[in-house]
Amino acid sequence: MPPELHSRPRLAPGCRLGENSQQRVLLMPERALRLNGPSLEIVERCDGQHTVEQIVRELQKIYSQAAPQKVEQDILGYLALLEERRALDFEL
Amino acid sequence: MGSPFLLTMTSTIPNPLALIAELTHRCPLHCVYCSNPLELQSRAGELPTEIWCRVFKDAAETGVLQIDFTGGEPLARPDIVDLVRAARSAGLYVNLITSGLPLDETRLAALVEAGLDHMQLSFQGAREETANEISGAKSHTQKLRVLDWLRHRRLAVTLNFVIHRRNIDQLEEMLALAESSSATRIEFANVQYYGWAFANRENLLPTREQLDHSVEFLKREQQRLQGKIRIEFVVPDYYATYPKPCMGGWGRKLMLITPTGDVLPCHAAQVIPGLSFENVKDHGLRDIWEQSAAFQRFRGEDWMQQPCKTCDRREQDFGGCRCQALLLAGNAAATDPVCSLAPLRSKVDALLAAINTPTSVQNLTQPSWLYRSNPA
Ligand code: SF4
Ligand code: SF4
């Protein structure tokens, strides 16, 4: 299920940004994800303030060379993946 | 350019070094499958607070991301709140694996305030009688109380159920317990047969029918609970075709520190003859990780024998578990006998055959357990 565009994703309890040897990571129960470029830009905005739609618009600006539709698709896919791993809560 | 956007988005860190800190072997419970060694270390020999705090900093500098506080029962350490705070301020992700026993609401609040990220609360069953039988103590009611307190805290919670023949038919009740709590993950981990569990394995291994039934049930439930609760399921490797990549490969991802400060590549490494271990009192973690002979012993592939040596799967499972090879084949460098390609797989099959005959299943309904003891 793709996330609702007006909902506000927020990192779930036990999930937070961390850093190790200059590498930003998303720390989660039992696993860590390396964050680079776009994935870091997305996760930094999962603060319970930005809506999914705002995240999409802001990243489309930052990655203006990529096709806007592709950017949107990738973001929705990434958010769904994080949700499936129980790393995000979506607030309405 | 293709799609640089998605492809570079995520990758699991190749070397997410995690540190397992066995703070103490003391424990109010006596689980018949406890993974602690049969020879438990005494309270007097336990590392003091200052040394642990130094180790946490050292670990973070060595690249470790996560620390698992475990034991015994880590809450048996009176300084646990200070240890959590020190590990968190060193930059580690702090995970506590606990029976929930020496805990009250004030202590829980202090742990969360000190920076605890994740709690894994272990359950011995969903029913009071089974749980108490397995843990050799009255423990179940307290765990339910802890679940209730957790509801009001911002903390990631995993329920750990250790699965075996006597409780594998209660999965539905266990799941219901998880659904009524604030847990976002649930682990159904079948007992691994080392230490105390090895001594009790004939009474703990589920039958094939039980296992098939549970796998089917959990697959369905994983679908239903997607996005709500993540269900992890570990089958007993005696029933598997290939072994598990024990510890993610020897000396590849994890280090374990015993209550007295010895640094091991895996929980049971002390049973392997000829290995000796460095202590954090004398050496830094980076040195131990890179130079300890015990960590080198089964790292990579050079130590492998046939059929592992030329097998296509050797980079996936690393030949299985060294301790299991020792226990079952009498040689820690042998192919893990649970592997279907192993020359000694017949030993595992014989045990499974004995367990899966109808008479033995009935005869074993009143087992006599070897309970885990307690250290001095
Ligand atoms: S398995 Fe049971 S006895 Fe062993 S440390 Fe854990 S709670 Fe204690
Ligand atoms: S033969 Fe060795 S490497 Fe191959 S599957 Fe079995 S244990 Fe793994």
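Each value, and the rule that gives it
Residues numbered from 1 in each chain as written. Chains lettered and ligands numbered in written order. Predicted model: local features only at pLDDT ≥ 70, side-chain atom pairs only at ≥ 80, totals over all residues. Heavy atoms only, no water. Helix = DSSP H or I, 4+ residues; strand = E, 2+ residues; numbered from the N terminus. Buried < 20%, exposed > 50% of the residue type's maximum accessible area, 1.4 Å probe, protein only. Contact = heavy atoms within 4.5 Å. Areas by Shrake-Rupley, 256 points an atom, 1.4 Å probe, with all protein chains shown as cover. Lys, Arg positive; Asp, Glu negative; His and termini not counted. Charge placed at Lys NZ, Arg CZ, Asp CG, Glu CD. Salt bridge = Lys/Arg side-chain N within 4 Å of Asp/Glu carboxyl O. 1 Å grid on protein atoms, 1.4 Å probe; cavity = no way out; pocket = protein on both sides within 12 Å on 5 of 7 lines; lining within 4 Å. Points joined across faces, edges and corners; volume = space filled by probe spheres on them. Nonpolar A, V, L, I, M, F, W, Y, C, P; charged D, E, K, R; others polar. Buried area = accessible area lost by both parts, 1.4 Å probe. Near = heavy atom within 4 Å. Core = buried A, V, L, I, M, F, W, Y, C linked by side-chain atoms within 4.5 Å. Pairing = 2+ DSSP bridges. Axes fitted to C-alpha atoms, helices over the stretch in contact; angles between N-to-C directions. Left-handed = near helix turned anticlockwise from the far one by under 90°.

Trainee: With reference to specific residues and values, describe the overall build of chain B.
Mentor: A tally of helices and strands in chain B yields 16 helices and 10 strands. Projected onto its principal axes, the C-alpha positions of chain B cover 60 × 55 × 50 Å. Among the 376 residues that make up chain B, the fraction classed as buried is 57%. Put simply, 73% of the contacts in chain B that link residues at least 6 apart link residues at least 24 apart. Accessible area for chain B stands at about 15800 Å²; split by element, carbon and sulfur atoms hold 51% of it. Charged side chains in chain B number 39 positive and 42 negative. The centres of these two groups are separated by 1 Å.

Trainee: I'd like to hear about the pattern of salt bridges, residue by residue, with values.
Mentor: Summed over the entire model, instances satisfying the criterion amount to 27 salt bridges over all chains. Put simply, E290 of chain B and R286 of chain B hold a salt bridge, and the shortest N to O gap is 3.1 Å. Residue E290 of chain B and its partner R286 of chain B are both found in helix α11 (residues 285-291); the two are separated by four residues, about one turn of the helix. By relative accessible area, which is 39% here, E290 of chain B ends up partly exposed. Accessibility expressed as a relative area gives 37% for R286 of chain B, which makes it partly exposed. Here the salt bridges share partners, and the residues they tie into one network are E84 of chain A together with R185, E187, R230 and E232 of chain B.

Trainee: Any details on empty space enclosed by the protein? Residues and values, ideally.
Mentor: Residue and element names in this part refer to chain B. For the coordinates displayed, the defined rule picks out three cavities of 30 Å³ or more. Roughly 120 Å³ of internal volume is contained in the largest cavity. Every residue lining the largest cavity is counted, 17 residues in all, and those nearest its centre are C246, G249, W250, F318 and G320. Its residues assigned to classes, the lining of the largest cavity shows 10 nonpolar, three polar and four charged. The calculated volume of the second largest cavity comes to roughly 90 Å³. The wall of the second largest cavity is formed by Y242, P243, P307, C308, C311, R313, D317, G319, T335, C339 and L341. Here the residues of the lining of the second largest cavity are counted per class, giving seven nonpolar, two polar and two charged.

Trainee: An account of the interface of chain B and chain A is needed here, citing residue identities and associated values.
Mentor: Many structure descriptions define interface size as the accessible area lost when the parts assemble. If you look at the interface, chain B gives 34 residues, while chain A gives 30 residues. Here chain B packs against chain A, burying approximately 2800 Å² in sum over the two surfaces, 55% of which is carbon and sulfur. On inspection of chain B and its partner chain A, the count reaches two salt bridges. When the shortest N-O distance is used, the salt bridge between E84 of chain A and R230 of chain B registers 3.4 Å. Looking at the side of chain B that touches chain A, the elements with two or more residues in it are α1 (4-7), β1 (10-12), β4 (93-98), β5 (118-123), β7 (185-190) and β8 (230-234) of chain B.

Trainee: So, the site of ligand 2: which residues are in play, and what are the values?
Mentor: Close to ligand 2 lie Y242, P243, P307, C308, C311, R313, R314, D317, G319, T335, C339 and L341 of chain B. Of the residues contributing to the shell around ligand 2, the split by class is seven nonpolar, two polar and three charged.

Trainee: Pulling in residues and values, what's your account of the nonpolar core?
Mentor: Among the nonpolar cores identified, the biggest contains 64 residues, and F69 and F188 of chain B are the most heavily contacted of them. Among the nonpolar cores identified, the runner-up in size contains 25 residues, and A18, W250, I272 and C323 of chain B belong to it.

Trainee: Provide a residue-level description of the sheet that holds strand β10 (residues 263-264) of chain B, including the pertinent values.
Mentor: Note: strands within a sheet are paired through backbone hydrogen bonds, in either parallel or antiparallel orientation. Residues and elements named next belong to chain B. Strand order in the open sheet formed by nine strands is β8-β7-β6-β5-β4-β3-β2-β9-β10, with mixed pairing between adjacent strands. Where the open sheet ends on each side, the last strands, each with one partner, are β8 and β10. Helix α3 (residues 80-89) contacts β3 (66-70) and β4 of the sheet and is inclined by roughly 170° relative to β3.

Trainee: Quick rundown of helix α14 (residues 322-329) of chain B? Include the residues and the values.
Mentor: All names here are of chain B. Most of α14 is tucked away: six of the eight residues are buried. Among the residues of α14, those classed as buried are R322, C323, Q324, A325, L326 and L328. Where α14 is buried, its residues touch α8 (195-199), α9 (201-204) and α15 (345-355). With its phi angle positive at about 75°, G330 sits one or two positions after the end of α14.

Trainee: So what about the environment of V94 of chain B? Which residues, and what values?
Mentor: Residues and elements named next belong to chain B. You can see V94 is positioned in strand β4. Of the residues examined, V94 reaches a relative accessible area of 0% and is grouped as buried. Each C-alpha atom of the pair V94 and I67 lies 5.3 Å from the other, and the pair is 27 residues apart in sequence. Not counting chain neighbours up to four residues away, the residues in contact with V94 comprise I67, F69, V84, A87, R88, G115, L116, D117 and H118.

Trainee: Describe in detail the packing of helix α1 (residues 37-44) of chain A against helix α2 (residues 52-62) of chain A, supporting the description with residues and values.
Mentor: All names here are of chain A. At a minimum axis distance of 10 Å, the contact between α1 and α2 shows a crossing angle of 145°. Note that α1 runs across α2; the crossing there is right-handed. Seen from α1, the contacting residues are P38, E41 and I42; seen from α2, they are I55, L59 and I62. Grouping the constituent residues of the contact of α1 with α2 by class yields five nonpolar, no polar and one charged.

Trainee: Could you give me a rundown of the pairing of strand β2 (residues 16-20) of chain A, with the residues and numbers involved?
Mentor: The side chains of a regular strand alternate between the sheet's two faces. Residue and element names in this part refer to chain A. In β2, alternate side chains face the same way, and those of R16, G18 and N20 are buried while those of L17 and E19 on the opposite face are not. Taken together, the five bridges between β2 and strand β3 (residues 23-28) define a ladder with antiparallel strand orientation. Bridge pairing in β3 places R16 opposite L27. Where β2 folds back onto β3 in an antiparallel hairpin, the turn is made up of two residues, including S21, whose phi is positive at roughly 40°.

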